[in-house]
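Given next are the chains, with one letter for each unit.
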Amino acid sequence: MVCLLALSVGVLSACESTSKEDSVHKTAHNTLSEAEIKDGWKLLFDGKTTKGWHVYNHGDTTSKWSVENGELWCNPKSQAGDFGDLVSDSTYQNFEMTYDWKIAKGGNGGVFINVQESPKNPTAYMTGLEMQLLDNENGEERHKINPTHWAGCLYDISGKAENSKPKPFGEWNHSRIVHRDGRVIFFLNGLKTADATITAPDWKTKVQKSNLRNFPDFAKAISGKIALQDHTDAVWFRNMKIREL
């Protein structure tokens, strides 16, 4: 009986140890599990450098973007470097992307897909579709009164406002973007916040009702680069991952 009890305790101890190890591995930021690697996931941010990224239209120059404590962040108060969106070196078409983000009080930012980098378009929002990042509670009034400007929505176009439930400023949110052949779906903290297809018959009508109608190259491509917006507000990213579909 004592031997059986000892064996049982040993098994439980081993299970608890394995559970703790799995927990640590799952929460290790900016890393990929064996399962993720097998499923084709790749890191967009290595947790140490801005390798794989550059400043929109300016290449590898000093900017307000830097890496601290395993977090990629835009520091608008930095005395060094220029303002500018941060853009991926690579181009993507059909993919799934996940990332964590947090923002300063009242902050505004965005993640763009299908960005077409070009001198004739000074910023990423002129061509790319934006998942809005916002401190809903303390944002500017112009954002508070427009549900398509709330966190997780397809900025100025559409979104499921009832599912825009970002964490309070300074706390981490989890976002997911799925893009396939012109259809884009956004998720914020597990809830779907936008679903639109830029090749659908009603897409042009939606754009014409927004301020984005002023940019002739907006949402014309079904592939492009990924961009992180420098909106002169502090915003942080980690665990940025992508896999092609």
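What counts, and where the lines are drawn
- Residues numbered from 1 in each chain as written.
- Predicted model: local features only at pLDDT ≥ 70, side-chain atom pairs only at ≥ 80, totals over all residues.
- Heavy atoms only, no water.
- Helix = DSSP H or I, 4+ residues; strand = E, 2+ residues; numbered from the N terminus.
- Buried < 20%, exposed > 50% of the residue type's maximum accessible area, 1.4 Å probe, protein only.
- Contact = heavy atoms within 4.5 Å.
- Pairing = 2+ DSSP bridges.
- Axes fitted to C-alpha atoms, helices over the stretch in contact; angles between N-to-C directions.
- Phe/Tyr/Trp six-rings, centres within 6.5 Å; stacked < 30°, edge-to-face > 60°.
- Lys NZ or Arg CZ within 6 Å of the ring centre and 35° of its normal.
- Core = buried A, V, L, I, M, F, W, Y, C linked by side-chain atoms within 4.5 Å.

Section: the environment of Trp 203
Here Trp 203 shows up in helix α4 (residues 203-208). Residue classification places Trp 203 among the buried positions, given a relative accessible area of 5%. Separated by 16 residues in sequence, Trp 203 and Ala 219 place their C-alpha atoms 9.7 Å apart. In contact with Trp 203, not counting residues within four places along its chain, are Leu 129, Leu 154, Ile 157, Ala 196, Thr 197, Ile 198, Phe 218 and Ala 219.

Observations concerning the sheet that holds strand β7 (residues 108-115)
Strand order in the open sheet formed by five strands is β2-β5-β12-β7-β8, and the pairing between neighbours is antiparallel. Edge positions in the open sheet fall to β2 (53-55) and β8 (129-134), since each of these has one partner strand only. Shown here is a sheet whose adjacent strand axes are inclined to one another by a mean of 20 degrees, direction ignored.

A closer look at the packing of aromatic side chains
All told, the structure shown has six aromatic pairs when counted by the stated rule. Considering the side-chain rings of Trp 203 and Phe 218, the 6.5 Å spacing of their centres and the 25 degrees angle between planes classify their relative orientation as stacked. Of the two residues, Trp 203 is situated in helix α4 and Phe 218 in the loop between α4 and β12 (225-228); the sequence distance between them amounts to 15 residues. Both residues of the pair, Trp 203 and Phe 218, count as buried. The rings of Trp 65, Tyr 99 and Phe 237 are connected pair by pair, giving a single aromatic cluster. Cation over ring: Arg 176 sits above Phe 187, and NZ or CZ is 4.6 Å from the ring centre. Seen from the ring of Trp 172, Arg 238 lies directly overhead, with NZ or CZ sitting 4.0 Å from the centre.

Re the nonpolar core
In this structure, Met 97, Tyr 99, Ile 177, Trp 203, Phe 237 and Met 240 are the most contacted members of the largest nonpolar core, which totals 40 residues. At five residues, strand β6 (residues 95-103) tops the list of elements feeding residues into this core. With residues near it in sequence (within four places) discarded, Ile 177 still touches Phe 95, Glu 96, Met 97, Tyr 99, Val 111, Ile 113, Met 131, Val 184, Ile 185 and Phe 186. Counting six residues, the second largest nonpolar core, distinct from the first, contains Tyr 56, Val 87, Ala 124 and Ala 227.

By themselves, these are just geometric observations and shouldn't be taken as functional.
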